[in-house]
Amino acid sequence: MNNNAQKSVILVVEDSPESLGMLHETLEMNGYTVLLAPNGEKALEIVAHIRPDAILMDALLPGMNGFETTRRLKQLSHARTTPVLFMTGLDDTEHIVEGLEAGGVDYIIKPINATEMVARLKVHLDNARDAHTAKAALEISGQSLISTDADGTVLWATPSVRSRFVPGESRLSAQALKWLEQNSSEADPMLYSDPCVETDNQGNNVQLFYLGQSGHQQFLMRVRESEENTTRSVVTEYFELTSREADVLLWLVNGKSNKEIAEILDISPRTVNKYLDHVYVKLGVENRTAAAMVTMRRIADHLYG
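As the structure is a prediction and not an experimental result, all values here were calculated from the model. One numbering rule holds for all chains: residues counted from 1, following each sequence as written. This being a predicted model, a pLDDT of at least 70 is required before a residue's local features are given, and a value of 80 or more before pairs of side-chain atoms are given or counted; all residues contribute to the totals for chains, interfaces and linings. Heavy atoms throughout the structure, all of them, feed into the side-chain values; hydrogens and water do not.

*Asks:* Now, about the environment of Val-154: what can you tell me, with residues and values included?
*Replies:* Inspection of the secondary structure assignment puts Val-154 in strand S7 (residues 154-157). On the accessibility criterion, Val-154 (0% relative accessible area) is buried. Val-154 sits 12 residues away from Val-166 along the chain, and the two C-alpha atoms are 6.8 Å apart. Residues count as neighbours in contact if any of their non-hydrogen atoms are within 4.5 Å of one another. Once you skip the residues sitting within four places of it in the chain, Val-154 turns out to touch Ser-147, Thr-148, Phe-165, Val-166, Pro-167, Gly-168 and Ser-170. Helix and strand labels come from DSSP, where a helix needs a run of H or I of at least four residues and a strand needs a run of E of at least two; each type is numbered from the N terminus. Relative accessibility thresholds used throughout: buried, under 20% of the residue-type maximum; exposed, over 50%; partly exposed, between the two (1.4 Å probe, protein chains only).

*Asks:* I'd like a description of the nonpolar core, backed by residues and values.
*Replies:* Counting residues in each nonpolar core, the largest one holds 20 residues, and the members touching the most others are Leu-241 and Leu-283. Secondary structure elements with two or more residues in this core: helix H8 (243-253), helix H9 (258-265), helix H10 (269-283) and helix H11 (288-304). Leaving out residues up to four positions away in the same chain, Leu-241 has contacts with Val-235, Thr-236, Ala-246, Leu-249, Val-279, Lys-282 and Leu-283. Here the nonpolar core consists of buried residues drawn from Ala, Val, Leu, Ile, Met, Phe, Trp, Tyr and Cys, with membership extended through side-chain atoms lying within 4.5 Å. Core analysis: the next-biggest nonpolar cluster, separate from the first, contains 19 residues, Leu-61, Met-64, Phe-67 and Leu-73 among them.

*Asks:* Give a detailed account of the sheet that holds strand S4 (residues 84-88), specifying residues and quantitative values.
*Replies:* For two strands to pair, DSSP has to find at least two bridges joining them. The strand order across the open sheet formed by five strands is S2-S1-S3-S4-S5, and the pairing between neighbours is parallel. The open sheet is flanked by strand S2 (33-37) and strand S5 (106-109), the only strands paired with a single partner. Strand after strand, the sheet turns through a mean of 20° between neighbouring axes, direction not considered. Strand direction decides the pairing type here: S4 and S5, joined by four bridges, are parallel. Its bridge partner being in S5, Thr-88 is matched across the sheet by Ile-109. For helices, the axis comes from a line fit to the C-alpha atoms of the stretch in contact; other axes are also lines fit to C-alpha atoms, and the angle between any two N-to-C directions lies between 0 and 180 degrees.

And the structure:
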């Protein structure tokens with residue numbers, strides 16, 4: 001008996017009573033808890049309430065076949081990372097590819113060799129367990145990370161960015177998806193490591209940094225505030241400025257004249273002067289040169305100190 005298997009729940013989706021009986025007996029003898037489903041509809045019903053550790057899926061089920069069943073299972077957030085092993089007598093390349101594209105991780109050809117099946121199952125359970133452990137570590141690390149599939153749908157996010165990139169709902173923009181495809185196709189991602197600017201659910205711009213592939217068609221990225229947002233946040237909070245005062249100050253730091261700032265912000269030069277009067281008081285300075293120096297020093301301390 002596999003002592004490590006006692007906590008593992010295996011869902012077997014198979015329409016043949018004879019095969020179901022054999023698989024049930026073999027898996028129980030090896031210490032697994034077994035759930036049985038005779039068709040895809042029943043499998044979806046079970047997984048909606050219970051998350052199995054792995055699924056053995058017959059490819060040629062009556063009605064909804066195993067490929068479509070797997071695609072629907074993978075739409076359930078809690079089942080996205082559950083390993084699915086297909087069982088079928090079809091060993092042609094077309095069906096093998098279809099199974100992998102549907103979300104399967106392996107293909108077991110019938111008639112099934114029980115010893116081989118158990119060995120393959122253990123490998124995928126161990127891999128899934130290791131991935132789960134790593135994910136749990138990232139969850140409590142405090143880092144801002146997201147994982148997406150190849151279509152850009154967010155599969156997972158650490159707590160710090162979960163409200164900004166909602167798993168199962170948020171999706172990368174076309175621009176970010178193109179960036180992801182280019183990164184993931186590189187033999188060495190570090191050769192193409194420029195970040196991508198993306199807009200989160202709250203309408204804020206952030207930078208995405210590609211970290212690599214974290215699983216089958218799953219891509220891991222770090223999320224960081226864009227330099228623009230970070231700079232604006234620093235001056236607003238540190239100097240206790242209003243949003244408009246911060247805008248005026250940052251354009252001043254960028255070397256714009258009062259007239260240019262007025263045109264950029266669509267306000268009058270006189271209004272710019274009023275905002276600057278308030279800014280000088282809050283910064284404790286008397287002129288634009290001193291204001292620019294104080295501001296740049298504060299931004300540098302935040303970013304590099």
